[in-house]
Amino acid sequence: MQQNEGGQREYFNTRIGFILAAVGSAVGLGNMWRFPYVAAEGGGAAFVFLYIVLTLAVGIPLMLSEFSVGRGSRLAPIGALRKLGGGSWSLLGWMYVFTGFLILAYYSVIAGWVVRYAVDGIISGFAAEPATHFGEVTSGIGPVYFHLGVMAATVFIVSMGVQKGIERAALVLMPTLFAILIFLAIWAFTLDGAVEGYAFYLRPSLSELMDPYILAQAAGQAFYSLSLGMGCMLTFSSYLSSEENLNKEATIIAFSDFGVAFVAGLVVFPVIFALGMQGDVSESTVGALFIALPGAFVEMGAMGRVIGILFFIALIVGALTSAVSLLEVVTASVIDETKIHRRTASIVGGILIALLGLLPALSLDFLGVMDRLAEALLALGAFFMAVFVGWVAVGASEELKKGASERFDRLVPSLMATIRWVLPPVILFAAVYAFIAVWREYMQAYGG
Ligand code: TRP
């Protein structure tokens with residue numbers, strides 16, 4: 001068994017603790033902010049259908065791949081890939097740690113804006129000029145403080161360890177998020193504009209689906225939303241007992257993640273359409289969450305204020321548990337490689353990430369490029385993970401059978417065939433598009 005800090009490697013205490021921690025990682029800004037707009041623009045219900053197919057055909061097999069490596073090695077990515085694949089595969093682990101670094105650096109900046117919105121909502125209500133307010137929140141030195149605050153909270157939870165920090169936080173925070181979101185969706189259903197909102201969100205349009213760019217975007221959104229492609233699920237599963245049924249856990253996690261994303265759309269669009277704020281939606285996805293919604297909350301008076309505060313609290317919860325999982329990849333890798341204390345590892349990692357985050361905190365253009373780059377690196381990381389489990393690592397299918405039901409045992413050969421033959425080409429296709437998107441974003445921000 002891998003030794004840590006002179007003791008045994010930690011485990012999740014309960015099955016539900018692991019599931020909620022993994023769902024906490026998956027559910028974040030990607031669900032409540034990105035998914036609704038990507039879906040609405042990408043073909044509505046047709047996009048949602050495509051997304052479910054991708055989740056089943058690519059997302060769950062990929063998550064199981066990460067699980068087999070993490071639980072099979074009981075190590076964080078760098079050590080895990082070295083142990084199962086040899087020295088050169090540890091480079092992929094380094095890439096994962098780098099990706100985690102990059103994502104958390106800007107993710108915590110956006111999470112910081114969200115905190116600022118919640119605080120403003122509580123103290124003074126939502127601003128009457130939402131676009132101006134968004135400019136204030138995201139410029140100047142303010143975002144730096146909120147970014148540092150989010151990083152401090154993230155480091156605090158990770159430094160407490162797997163059971164006392166990550167698991168305990170997930171057990172409290174995730175049910176809170178579900179409760180708030182369901183309440184908001186029911187309330188949104190009662191609004192006057194609900195039907196127009198649902199129609200904008202879900203009106204099926206097949207022409208978008210013929211566009212390969214949309215397919216690639218749906219795949220990229222799925223990796224991002226399921227926290228795949230950078231060893232996050234790998235790391236969490238390294239704390240999991242061999243008795244757990246990986247297949248069942250992956251299915252529960254993937255569908256909870258989809259459920260939250262879908263329901264978020266059922267909240268966002270009725271609110272925006274009830275108040276006629278749809279003009280602000282077409283501007284950008286950033287604008288949608290931070291301008292159109294707060295604009296609608298203001299129009300709704302006192303009730304809007306309460307609802308808005310709840311909405312932003314749910315977003316904070318989602319973002320914080322995701323940030324924790326990102327820092328855990330970095331921290332666990334440092335612990336495994338150097339055997340230094342968890343507290344030291346998380347604080348040092350957190351400080352370095354906080355420093356990198358100063359750039360996106362001070363520049364929106366920089367943040368946009370980082371976001372695109374992260375998505376491309378995730379696709380690349382997912383591609384190599386599929387190749388690794390399908391073609392290189394030995395014992396993946398044995399690991400997947402541990403704790404599984406007999407019925408699933410019989411599915412393992414077709415699962416392995418999917419990992420070998422379906423995942424690499426599909427993911428590579430998404431990766432190529434993702435790198436083109438990085439280039440476009442870069443040229444838009446910095447090109448002549
Ligand atoms: N899945 C999270 C979201 O939807 C973001 C996230 C957390 C993530 N950890 C990750 C994305 C690891 C990719 C990899 O907001």
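Each value, and the rule that gives it
- Residues numbered from 1 in each chain as written.
- Predicted model: local features only at pLDDT ≥ 70, side-chain atom pairs only at ≥ 80, totals over all residues.
- Heavy atoms only, no water.
- Axes fitted to C-alpha atoms, helices over the stretch in contact; angles between N-to-C directions.
- Helix = DSSP H or I, 4+ residues; strand = E, 2+ residues; numbered from the N terminus.
- Parallel < 35°, antiparallel > 145°, perpendicular 65-115°, else oblique.
- Left-handed = near helix turned anticlockwise from the far one by under 90°.
- Contact = heavy atoms within 4.5 Å.
- Nonpolar A, V, L, I, M, F, W, Y, C, P; charged D, E, K, R; others polar.
- Salt bridge = Lys/Arg side-chain N within 4 Å of Asp/Glu carboxyl O.
- Buried < 20%, exposed > 50% of the residue type's maximum accessible area, 1.4 Å probe, protein only.
- Near = heavy atom within 4 Å.
- Polar contact = N/O pair within 3.5 Å; in protein donor to acceptor, adjacent residues only side chain to side chain.
- Areas by Shrake-Rupley, 256 points an atom, 1.4 Å probe, with all protein chains shown as cover.
- Arc of directions from axis to C-beta.

Summarise the packing of helix H2 (residues 29-41) against helix H3 (residues 45-73); cite the residues concerned and give the values.
Packing of H2 against H3 brings their axes to within 7 Å, and their N-to-C directions diverge by 120°. In terms of axis orientation, H2 runs oblique to H3. Crossing geometry of H2 relative to H3 is assigned as right-handed. Contacts from Phe 35, Val 38 and Ala 39 in H2 reach Phe 47, Val 48 and Tyr 51 in H3. The residue makeup of the contact of H2 with H3, split by class, is 6 nonpolar, no polar and no charged.

How would you explain the pattern of salt bridges if you had to name every residue and give the values?
Taken as a whole and judged by the stated rule, the model has 11 salt bridges. As a salt-bridge pair, Asp 336 and Arg 9 come within 3.2 Å of each other at their nearest N and O atoms. On the criterion of sequence distance, the pair formed by Asp 336 in helix H15 (residues 301-338) and Arg 9 in the loop between strand S2 (7-8) and helix H1 (15-26) is long-range, its members being 327 residues apart. Residue Asp 336 is classed as buried on the basis of its relative accessible area, which comes to 7%. The class of Arg 9 is buried, set by a relative accessible area of 3%. Measuring nitrogen to oxygen at the nearest pair gives 3.4 Å for the salt bridge that ties Glu 441 to Arg 372. Here Arg 372 lies in helix H18 (residues 364-392) and Glu 441 lies in helix H20 (residues 406-446), a separation of 69 residues in the sequence. Here the salt bridges do not stand alone but share partners, grouping Arg 15, Glu 244 and Glu 249 into one network.

So what's going on with the packing of helix H5 (residues 90-123) against H18? Which residues, and what values?
Packed helices, taken two at a time, are described by the angle between their axes plus the distance between the axes. For the pair H5 and H18, the least separation of the axes is 9 Å and the interaxial angle reads 145°. The handedness of the crossing between H5 and H18 is left-handed. Of the residues in H18, those in contact with Leu 92, Met 95, Tyr 96, Phe 98, Thr 99, Leu 102, Ile 103, Ala 105, Tyr 106, Val 109, Ile 110 and Trp 113 of H5 are Leu 364, Leu 367, Met 370, Asp 371, Leu 373, Ala 374, Leu 377, Leu 378, Leu 380, Gly 381, Phe 384 and Met 385.

Requested: an account of the site of the ligand, with residues and values cited.
Near the ligand there are 16 residues, and of these Ala 26, Gly 30, Tyr 107, Tyr 224 and Ser 227 occur at the shortest range. Note that an oxygen atom of the ligand is positioned 3.1 Å from one of the backbone N or O atoms of Leu 29. For the ligand, whose unbound accessible area comes to 360 Å², protein coverage reaches 100%. For the shell around the ligand, the secondary structure elements donating two or more residues are H1, H2, helix H11 (212-225) and H15. Partitioning the shell around the ligand into residue classes produces 8 nonpolar, 8 polar and no charged.

A description of helix H9 (residues 194-202) should follow, citing residues and the corresponding values.
Think of an α-helix as 3.6 residues a turn; residues three or four steps apart then line up on the same face. If you check which residues of H9 are buried, you get Ala 194, Gly 197 and Tyr 201. The buried residues of H9 all sit within an arc of 65° when viewed along its axis, so they share a single face. Elements that come into contact with the buried residues of H9 comprise H2, H3, helix H8 (162-189) and helix H13 (246-274).

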